[in-house]
Amino acid sequence: MHETADEELMSLVRRGDDAAFVLLVSRYKDELTNFAERFLGDRDDAEDVVQEAFVRVWRKRESYSAAGRFSTWLYTIASNLARTRLKRRALWKFVRLGGADGAAVDIPDDGAASDARADETLRDERIQKALVSLPPKFREIVVLRDIQQLSYEEITSITGCAMGTVKSRINRGRALLREQLRDLTGE
Amino acid sequence: MDTPHRGNDYERLKEELHRLKRRRAPWYFESALHQRLHGGKRRRAGLRPIGIGPVLVLAVIVLLLLALAAYFVMVHTTIAVSWGK
């Protein structure tokens, strides 16, 4: 069953197969958590979004169409939930004492980390902060393309944007990111 | 297909970005999801179930109020009996 394609597993899930669903969750939970955390900049929000995405996959399993790729469908659900979460956060921002944006990057401390590893961690933190400072419409596409390494076709399906829009947003997002991380890019 | 803003100077940053693909779901992710799907009513609604703590606190408060009420009833009964003498 571990070699089975996502779409075949999903057709089993549609028939109520719990084991197939568990396998899909184990295949995508890390990837989706990474996407949500890079996009939202907050670990707890990311966990909530990913959990809710899988809950919706289970509850809406009947509406899944095998014509499309499962991963694209899953990303679309997670992406919509993440965007809704960002909007809600923006609405409540004025009552929050501290914004979550960019503040929730945890630096693992294993005690024996080498200097190189520590430098890498600090660089990651800087990049995450720079990412979170991008406007969401650019950030989403940069994360999907440059971190999750999805194809442009997948990104157009997930975001519902035209190919030209995706390309212009990624160029703009990259330019903004590079502007903020000049020292890292060696400019 | 990628068209970096200026030349290939984005490539280095892109390598750094690729490295960021390593966040993991927490170890309890599957069990939390299982609870969301198959747990009680509150779990399915995405809420935490009410634990034993609040129930115990409520029980202690109710017992204290009952004890207080019993004390006042006893005191008033004693006064009434002594006045009756």
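Residues numbered from 1 in each chain as written. Chains lettered and ligands numbered in written order. Predicted model: local features only at pLDDT ≥ 70, side-chain atom pairs only at ≥ 80, totals over all residues. Heavy atoms only, no water.

## A closer look at the overall build of chain B
Heads up, the condition is: Working definition: helices are DSSP H or I runs of at least four residues, strands are E runs of at least two. Numbering for both runs from the N terminus. Each residue gets one of three labels from its accessible area relative to the maximum for its type: buried under 20%, exposed over 50%, partly exposed in between, using a 1.4 Å probe on protein chains only. Methods summary: accessible areas were calculated by the Shrake-Rupley approach with a probe of 1.4 Å, and residue burial reflects only the protein chains presented.
Broken down by element type, chain B carries four helices and zero strands. Starting at the N terminus and ending at the C terminus, chain B contains elements arranged as α-α-α-α. For chain B, buried positions account for 18% of its 85 residues. Split by element, the accessible area of chain B, about 6600 Å² in all, is 67% carbon and sulfur.

## A few points about the environment of R139 of chain A
Residues and elements named next belong to chain A. Formally: Contacts were defined at the residue level, with two residues in contact if any of their heavy atoms lie within 4.5 Å.
As for its placement among the helices and strands, R139 is situated in helix α6 (residues 136-147). R139 gets classed as buried once you look at its relative accessible area, which sits at 3%. Setting aside residues up to four positions removed in sequence, R139 forms contacts with R38, F39, L40, L86, L131, V132 and L134.

## Regarding helix α8 (residues 163-180) of chain A
This is how the line gets drawn: Expected span of a helix, by definition, is 1.5 Å for each gap between consecutive residues, and there is one gap fewer than residues.
Between its first and last C-alpha, α8 of chain A extends 26 Å over 18 residues, near the 26 Å set by a 1.5 Å rise per residue. For α8 of chain A, the set of buried residues is V166, I170, G173, R174, A175, L177 and R178 of chain A.

## Thoughts on the confidence of the model for chain B
In plain terms, the rule: Confidence scores labelled pLDDT are given residue by residue by the predictor and lie between 0 and 100.
Residues of chain B with pLDDT of at least 70 account for 82%, and the chain-wide mean is 81. Predicted as a complex, the structure gets a pTM of 0.74 and an ipTM equal to 0.71.

## Side note on the interface of chain B and chain A
Put simply, an interface is often sized by how much accessible area is lost when its parts join up. Here is the rule we go by: Once two parts are put together, the accessible area they lose, assessed with a 1.4 Å probe and summed over both, is termed the buried area. When a carboxyl oxygen of Asp or Glu is within 4 Å of a side-chain nitrogen of Lys or Arg, the pair counts as a salt bridge. Side-chain atoms alone can form a polar contact between residues adjacent in sequence; in general such a contact is a pair of N or O atoms within 3.5 Å, and within protein one must be able to donate a hydrogen while the other accepts it.
In this complex, chain B contributes 31 residues to the contact, which on the side of chain A involves 46 residues. Between chain B and chain A the total buried area reaches about 3900 Å² when both faces are included, carbon and sulfur atoms providing 51% of it. Viewed at the interface, chain A and chain B are joined by eight salt bridges. With its nearest N and O atoms 3.1 Å apart, the salt bridge here joins R22 of chain B to E120 of chain A. Here chain B is connected to chain A by 17 residue pairs in polar contact (both at pLDDT 80 or more).

## Focus: the packing of aromatic side chains
Here the distance between the centres and the angle between the planes together describe a pair of aromatic rings. Rule in force here: Between the rings of Phe, Tyr and Trp (Trp by its six-membered ring), a pair exists once the centres lie within 6.5 Å; its type follows the angle of the planes, with under 30 degrees stacked, over 60 edge-to-face, and the other angles tilted. Any Lys NZ or Arg CZ found within 6 Å of a ring centre and within 35 degrees of that ring's normal is scored as a charge over the ring.
This model, assessed by the stated rule, comprises 11 aromatic pairs over all chains. Residues Y28 of chain A and F70 of chain A carry aromatic rings whose centres are separated by 5.6 Å and whose planes lie at 65 degrees to one another, so their mutual orientation is edge-to-face. Within this pair, whereas Y28 of chain A is found in helix α2 (residues 18-40), its partner F70 of chain A is found in helix α4 (residues 70-92), the two being separated by 42 residues in sequence. Judged by relative accessible area, F70 of chain A falls into the buried class, the value being 0%. By the ring-pair criterion, three or more aromatic residues cluster together here, those being F21, F54 and W58 of chain A together with F29 of chain B. One Lys or Arg, R61 of chain A, reaches over the ring of W58 of chain A and ends 4.0 Å from the middle of that ring.

## Looking at the packing of helix α3 (residues 43-59) of chain A against α4 of chain A
The relative placement of two packed helices comes down to the angle between their axes together with the axis-to-axis distance. Residues and elements named next belong to chain A. Note the following rule: Every axis corresponds to a line fitted to the C-alpha atoms, with the helix fit spanning only the stretch in contact, and the corresponding angles, defined between N-to-C directions, vary from 0 to 180 degrees. Any angle that is under 35 degrees is reported as roughly parallel, and any over 145 degrees as roughly antiparallel; angles of 65 to 115 degrees are reported as roughly perpendicular and all others as oblique. Each crossing gets its handedness from the near helix: less than a right angle anticlockwise from the far helix is left-handed, clockwise is right-handed. Under the grouping applied here, Gly and all other residues not named as nonpolar or charged are polar, the nonpolar ones being Ala, Val, Leu, Ile, Met, Phe, Trp, Tyr, Cys and Pro and the charged ones Asp, Glu, Lys and Arg.
Here α3 crosses α4 at 135 degrees, and the two axes come no closer than 9 Å. It follows from the interaxial angle that α3 and α4 lie oblique. Along this stretch, α3 crosses α4, giving a crossing that reads as right-handed. Here D45, D48, V49, E52, A53, F54, R56 and V57 of α3 lie close against α4, whose contacting residues are F70, W73, L74, I77, A78, L81, A82, R85 and R89. Taken together, the residues that form the contact of α3 with α4 break down as 11 nonpolar, no polar and six charged.

## Examining the side chain of R89 of chain A
Secondary-structure assignment places R89 of chain A in helix α4. Reaching out from R89 of chain A, the side chain makes a polar contact with the backbone oxygen of L40 of chain A at a distance of 3.1 Å.

## Digging into the confidence of the model for chain A
When pLDDT is averaged along chain A, the result is 86; 86% of the residues meet or exceed 70. Below pLDDT 50 for its whole length, residues 98-103 of chain A participates in 10 contacts with residues either more than four positions away or in separate chains.

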